[in-house]
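Reading the structure
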Amino acid sequence: WIQMMGFIFMSLFMGLLAGLYPTLKFQVATFIALYALTFFFANWGPNSTTFVIPAEIFPAKFRTSAHGIAAASGKAGAIIGAFGFLYASKDPNNPKDFAQYGNVGIGLQNSFYLLMAINIAGMFFTFLVPESEGKSLEELGGEVEMIQSSKSGLKGETEDVMIGIPAVQST
């Protein structure tokens, strides 16, 4: 839920920045405060879970490689987002932006709306991430075998016991 809450609050603050932009561009302190809150929730939510979720959902056999690929994908997304925002935020109606960048961009206010939409999409993609539900890493990776052990009791009952035996096949 921490990732979901991060996306919700990021969307809220990006929406406020976009909707109030005509006023906020003259109220620098308020603009910075809202922008800082957006970054706080980005780091509190999606950024912190970036390290936890891959460690939980990938099987141990592939965990390090898959975690590295996931981290590299996140870094690639950050690069695309940074450069994309640079060009998207340029206003083609502004002569200075037009002279430097040409007819590119949708303006800062529309860029904030676009970021709000991306945050909302991230919130919905969060529903696709499997929940670990308190299971151990071994259970999540299917590395724990169920065995039947007999329990010596008065009625001769049996009990399922989980033991941590790695499901490694020898060749």
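Calculation rules
Residues numbered from 1 in each chain as written. Predicted model: local features only at pLDDT ≥ 70, side-chain atom pairs only at ≥ 80, totals over all residues. Heavy atoms only, no water. Phe/Tyr/Trp six-rings, centres within 6.5 Å; stacked < 30°, edge-to-face > 60°. Helix = DSSP H or I, 4+ residues; strand = E, 2+ residues; numbered from the N terminus. Buried < 20%, exposed > 50% of the residue type's maximum accessible area, 1.4 Å probe, protein only. Polar contact = N/O pair within 3.5 Å; in protein donor to acceptor, adjacent residues only side chain to side chain. Contact = heavy atoms within 4.5 Å. 1 Å grid on protein atoms, 1.4 Å probe; cavity = no way out; pocket = protein on both sides within 12 Å on 5 of 7 lines; lining within 4 Å. Points joined across faces, edges and corners; volume = space filled by probe spheres on them. Nonpolar A, V, L, I, M, F, W, Y, C, P; charged D, E, K, R; others polar. Expected span 1.5 Å × (residues − 1). Patch = residues over 30% accessible without salt bridge, like charges linked within 9 Å, V, L, I, M, F, W, Y side chains within 5 Å. Areas by Shrake-Rupley, 256 points an atom, 1.4 Å probe, with all protein chains shown as cover. Salt bridge = Lys/Arg side-chain N within 4 Å of Asp/Glu carboxyl O. pLDDT = per-residue confidence, 0-100. Core = buried A, V, L, I, M, F, W, Y, C linked by side-chain atoms within 4.5 Å.

Quick look at the packing of aromatic side chains
A complete count under the given rule lists twelve aromatic pairs for this structure. Summarising the aromatic geometry, the rings of Phe13 and Phe41 are spaced 5.9 Å apart at their centres and angled 20° between planes, so their arrangement reads as stacked. On the criterion of sequence distance, the pair formed by Phe13 in helix H1 (residues 2-19) and Phe41 in helix H3 (residues 28-57) is long-range, its members being 28 residues apart. Accessibility assignment for this pair places Phe13 and Phe41 in one class, buried.

So, the environment of Ile8
Here Ile8 is to be found in helix H1. C-alpha separation for the pair Ile8 and Phe41, spaced 33 residues apart in sequence, amounts to 8.8 Å.

A look at the side chain of Thr126
Secondary-structure assignment places Thr126 in helix H6 (residues 108-126). Reaching out from Thr126, the side chain makes a polar contact with the side chain of Gln3 at a distance of 3.1 Å. In this structure, Thr126 is in contact with Gln3, Met4 and Phe7, ignoring residues within four places of it in sequence.

Quick look at the layout of surface pockets
One number sums up the size of the largest pocket: a volume of about 1,400 Å³. Looking at the largest pocket, it is lined by 40 residues, and the ones nearest its centre are Phe7, Pro46, Gly74, Gly77 and Ala78. Among the elements that take part in the lining of the largest pocket, helix H4 (residues 63-88) stands out by supplying 14 residues, more than any other. Residues that form the lining of the largest pocket fall into these classes: 24 nonpolar, 15 polar and one charged.

What to know about the environment of Val52
As for its position among the elements, Val52 is in helix H3. Judged by relative accessible area, Val52 falls into the partly exposed class, the value being 43%. Between the C-alpha atoms of Val52 and His67, which are 15 residues apart in sequence, the distance is 9.7 Å.

Considerations on H1
If you check H1, its first and last C-alpha atoms are 26 Å apart, about what 18 residues at 1.5 Å a residue would give, namely 26 Å. Along H1, the residues classified as buried are Gln3, Met4, Gly6, Phe7, Met10, Ser11, Phe13, Met14, Gly15, Leu17 and Ala18. Along its buried surface, H1 packs onto helix H2 (21-24), H3 and H6.

Topic: a nonpolar patch on the surface
Taken together, the side chains of Trp1, Ile2, Met5, Ile8, Phe40, Trp44, Ile120, Phe124 and Phe127 present a nonpolar region at the surface, about 930 Å² in accessible area. For the nonpolar patch, the secondary-structure elements that each account for two or more residues are H1, H3 and H6. At three residues, H1 tops the list of elements feeding residues into the nonpolar patch. With respect to the helices, strands and loops of the structure, Trp44 is situated in helix H3. For Trp44, a relative accessible area of 34% translates into the label partly exposed.

Some points on the confidence of the model for the chain
Per-chain confidence: the chain averages 81 in pLDDT, with 80% of residues scoring 70 or above. The secondary structure element of the chain with the lowest average pLDDT is strand E1 (residues 145-150), at 44, and the one with the highest is H1, at 93. Note that residues 146-153 has pLDDT below 50 and, in this model, 18 contacts with residues that lie over four places away or in other chains.

So, the nonpolar core
In terms of nonpolar packing, the biggest core is built from twelve residues, these being Met10, Phe13, Met14, Leu17, Ala18, Tyr21, Leu24, Phe31, Leu34, Phe41, Ala42 and Phe112. Contributions of two or more residues to this core are made by H1, H2 and H3. Element by element, the count of residues in this core is highest for H1, at five residues. What Ala18 contacts, discounting residues up to four positions off in sequence, is Gln109, Phe112 and Tyr113.

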